[in-house]
Amino acid sequence: MAVVLASTSASSRKVLPLLLKPFSTYPLFAFSSISHYSSLTKTLVVDQITRAFRQENLKLLNPKTLSELRPHHVEPILFHLRSRPSSAIRFFEWSENFLGFNHSFESFCGLVHVLLSKRMFDSARWVFDKMVGKFGNLDAFSVLERGFKSYGSNPSTVYSFLVGNYCRVRMVDRSVEIFVRMSESGIPVSPYALSTLLSSLVDSKRIDDILDVYGKMGNGLREEQSLCINVYDFVMNGFFLKDEVEMGFCFHSAMIERGIFIDIVTCNKVIKRLCKGNSIAVASKYFSLIAKVGPKPSLVTFSKLINWYCQDSQMEEAFDLYELMITIGIAPDLIVYSILIDGLFRVGKLEEGHRLLLAALDRGIKLDVVIFSSVVNAHVRIGHLEKGIEIYNRMLKEGIMPTIVTYSILINGLCQKGRLLEACGLFGQIMKQGIEPSVCTYSSLIDGFCKQGNLKDGFDLYEHMVNKGHIPDVIVYGVLVSALSKQGRMVDALKFFYGAVKRGLRPNVFIFNNLIDGWCRLNQIKEAMKLYVHMGMYTIIPDLVTYTVLIKGTTEKGRPLEALILFFQMLKRGFSLDLVAYCALIDGFCKQKNPKAALQIFELMLKNGVNPDITIYNVLINMFFKEGRLKNALELFKKVQDCGPQPNIVTYNTMICGYSSWKMLSMAVQLYEELKRGLIQPTAITFTILIDAFCKEGRMDDAMLLFSTMIEKGPEPNVVTYSCLIDGHFKSYCMENAFELHEEMLRQNVSPNIVSYSILIDGLCKRGLVEEASNIFDCALNQGLLPDVVAYGILIRGYCEVGRLADATVVFNRMLGDNILPDSFVQRTLADYNLQTGFEKELHTQVQAIERGKSQCKREKKGGDRVKQP
């Protein structure tokens, strides 16, 4: 006995730290507990052991108690420690490891009850693994059943725990057996256990067992279970995820054969999930299966699959389903027609979409404003405005009121076609109806005004939009900046741009490209390059257009080296140079009379695998003419005629213009005659080139003969045609004829532009009629035209030549007041007449104003960045 005590004491000292260690390291499982054991007699041994482990103090144990402890006491002690499961598991381990007890199956089951009643699922799983390892396939169901009343644990939780864990250790048959017995006893299985069981059965492709499980979910339990998990959906999804498509189809067919009801709503969910996963082919086969064996497809079934076919541009398959649904007596609804019509328009089948729209209306389907607007937009987008208006009128006839989206689509289409008056009328109709225009509506109208050169009305509408509380987007700002830039009003453009940035505009590359292009048009490459550098301030990365504009501008300015640097920067930054970029560089070198560099770039383009189009050949032909290399021009023209690419009207116009420049008018006329007999018909530009050539040679009768042909047969002469003739009459000293032609142009509703007015001003100035020229200048202003640097330059030169230097200075100051910077012609005029000092002072003032605006914007941006920093 002394030996036993000594041993016990020593062992206790070793084991006690382990026993006293908290069991907080055991995380909880997400199950619920249900189990109870019959009451146990509390003996002295049981009492002392229980008290020692509850207090975590083995010193309370005496040798006599230890000597009387037997394996059959383990279960009662576990029962009395049920309120302290951590102590229970310590006792269980201590009695096994220290006393050498060989725990019984019942003891293991008792400990499982204790742990699950307190939701200690991880610890219970550890006990389960030991139990299975020791007792194998013994019937835990019956043993655990006897303890429910004593331990008060939940049967559903305990048995669900067994179902899940038997699956985990790959004892699926035992799991199925327990599930069946639970179902027969009316005990529901937890969703987790059920999904674990089904997953195991899917993995092992045991369709019959799955059906048995589903069949056992009877006795009122199926509805309860279906609230947690849809067995059919779960199993089908499991098979499809494992790419076991045929197994999924077999499971569906087997359910139908057993007479098990399948809800079509669930089938629709399966189809939706398959389509979203880009498994349209599987979805199609699945649809064929349910159409064959059941359940009967619904309208939703058809609409979902038709929708995905249309999104995948499989219109033939979509219409096969459409025909099938009509055949089996399911009438297509608004949604189906909307999907099909939209799908047809998306693949460019506008006529078919139009017919289907009319068919839907004939069948009494009340299409909504969304589908009508979509159809109108599809027509407008490809330029079929009249068709779009036809659909709009049909919508009104059907009693459907347009929304602001519908109106905006039509206004945009009208503006794109230059029908601004009708667009304004539609805008007025919106306002009368009390419909609030959107930013998109305003944007389309502003763009329309700007494209017609009517910036005043464009900016008035912009102010109206702002006053109405609308916040202009980057598109609106881009349109206005672009319009100002294209008219050369760069000071106004920059002021407006920096003001917009101050109001919160986040500029994009499109706006910067327009500003850069505006400076390049004025040959102010230095200012353009400053903007290019400033793009980095706004973290905007230059794109292909940016570089192309700069390359074109720098080459036209006569700085080919800078153009090449930009060109190689493009290559370094990984841009795949397209024809536009190459063409800009080649054209730039051609204009700078550097044919060698142009041809080297042309060779580089070919080397990089970029096939030249007819535009580049047109540029090269034009270059050869201007460089006096007539033979090269003719050879290249013959090459494109024989080998391609197919010459276009620009090619023929270039050749006619080239012949004219070489005083080879007979060849130009001969090519014009050939052109009339071919597929490509002469344009107004073709006639204008020949008329201008005749005018320059003083052959006004031939010029007027061609002009008469245009009047009689077309094409209609444009403002350039009239301007060439007017200029020709001036040079032939037929001033009366020039003004008569100007009046005729006005009678034909051909609006004069600032160029045509500049020709009149120039003609009058050259004859010393400066006062009349000034009146013409004012007339241009009254017409709403904004004079450019050329018009101002002509008038300034005219005043200088008649000695009215004070008036010339007034006009010059007025030009600067309109924020138009002088070009080389104006600078030379001022220098010739000793007005250079005043010019430099005014120009310096203007540049300072621009720089102040830029500096203020930089400071505000930096200040905003500092505020944003944490």
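Just so we're clear, the structure is a prediction, and the values are computed from it rather than from any experiment. (Residues numbered from 1 in each chain as written. Predicted model: local features only at pLDDT ≥ 70, side-chain atom pairs only at ≥ 80, totals over all residues. Heavy atoms only, no water.)

Attention now goes to the overall build of the chain. Helix and strand counts for the chain stand at 50 helices and 0 strands. Residue burial in the chain is summarised as follows: out of 870 residues, 49% are buried. Within the chain, residue pairs in contact and separated by at least 24 positions form 65% of the contacts whose partners lie at least 6 positions apart. Working note: accessible area of the chain is about 41,700 Å², and carbon and sulfur atoms make up 54% of it. (Helix = DSSP H or I, 4+ residues; strand = E, 2+ residues; numbered from the N terminus. Buried < 20%, exposed > 50% of the residue type's maximum accessible area, 1.4 Å probe, protein only. Contact = heavy atoms within 4.5 Å. Areas by Shrake-Rupley, 256 points an atom, 1.4 Å probe, with all protein chains shown as cover.)

Attention now goes to helix H16 (residues 245-257). Given a rise of 1.5 Å per residue, 13 residues ought to cover 18 Å, and the 19 Å separating the end C-alpha atoms of H16 matches this to within 8%. Among the residues making up H16, those that are buried are Val245, Met247, Gly248, Phe249, Phe251, His252, Ala254 and Met255. In this structure, the buried side of H16 is in contact with helix H13 (207-216), helix H15 (231-241), helix H17 (264-276) and helix H18 (280-293). Backbone geometry just downstream of H16 places Gly259 in the positive-phi region, at approximately 75°. (Expected span 1.5 Å × (residues − 1).)

When pLDDT is averaged across the chain, the result is 83; 90% of the residues are at 70 or more. Across residues 219-227, where pLDDT falls below 50, the model places 13 contacts with residues more than four positions away in sequence or in other chains. Throughout residues 860-870 the model reports pLDDT below 50, and contacts reaching past four residues in sequence, or to other chains, amount to 3 contacts. (pLDDT = per-residue confidence, 0-100.)

Moving on, we get to the environment of Ala584. With respect to the helices, strands and loops of the structure, Ala584 is situated in helix H35 (residues 579-591). Exposure remark for Ala584: the relative accessible area of 8% places this residue in the buried category. Linking Ala584 and Thr548, residues 36 residues apart in sequence, is a C-alpha distance of 6.3 Å. Residues contacting Ala584, with those up to four places away along its chain left out, are Thr548, Ile551, Lys552 and Thr555.

Once that is clear, we can look at the packing of helix H21 (residues 334-346) against helix H22 (residues 350-362). Interhelical geometry of H21 versus H22 gives an angle of 160° and a closest axis separation of 7 Å. As summarised for this structure, H21 and H22 are arranged roughly antiparallel, according to the angle between their axes. As H21 runs across H22, the sense of the crossing is left-handed. Counted together, Tyr337, Leu340, Ile341, Leu344 and Phe345 of H21 and Leu350, Glu352, Gly353, His354, Leu356, Leu357 and Ala360 of H22 form the full contact between these two elements. Grouping the constituent residues of the contact of H21 with H22 by class yields 9 nonpolar, 2 polar and 1 charged. (Axes fitted to C-alpha atoms, helices over the stretch in contact; angles between N-to-C directions. Parallel < 35°, antiparallel > 145°, perpendicular 65-115°, else oblique. Left-handed = near helix turned anticlockwise from the far one by under 90°. Nonpolar A, V, L, I, M, F, W, Y, C, P; charged D, E, K, R; others polar.)

Now for unusual backbone geometry. Residue Gly294 is joined to Pro295 through a cis peptide bond whose omega torsion reads -5°. Mapping Pro295 onto the fold places it in the loop between H18 and helix H19 (299-311). The linkage connecting Gly714 with the following residue, Pro715, adopts the cis geometry, with an omega of -5°. Within the secondary structure layout, Pro715 lies in the loop between helix H42 (700-713) and helix H43 (719-731). The phi torsion at Arg170 lies on the positive side, around 65°, for a residue other than glycine.

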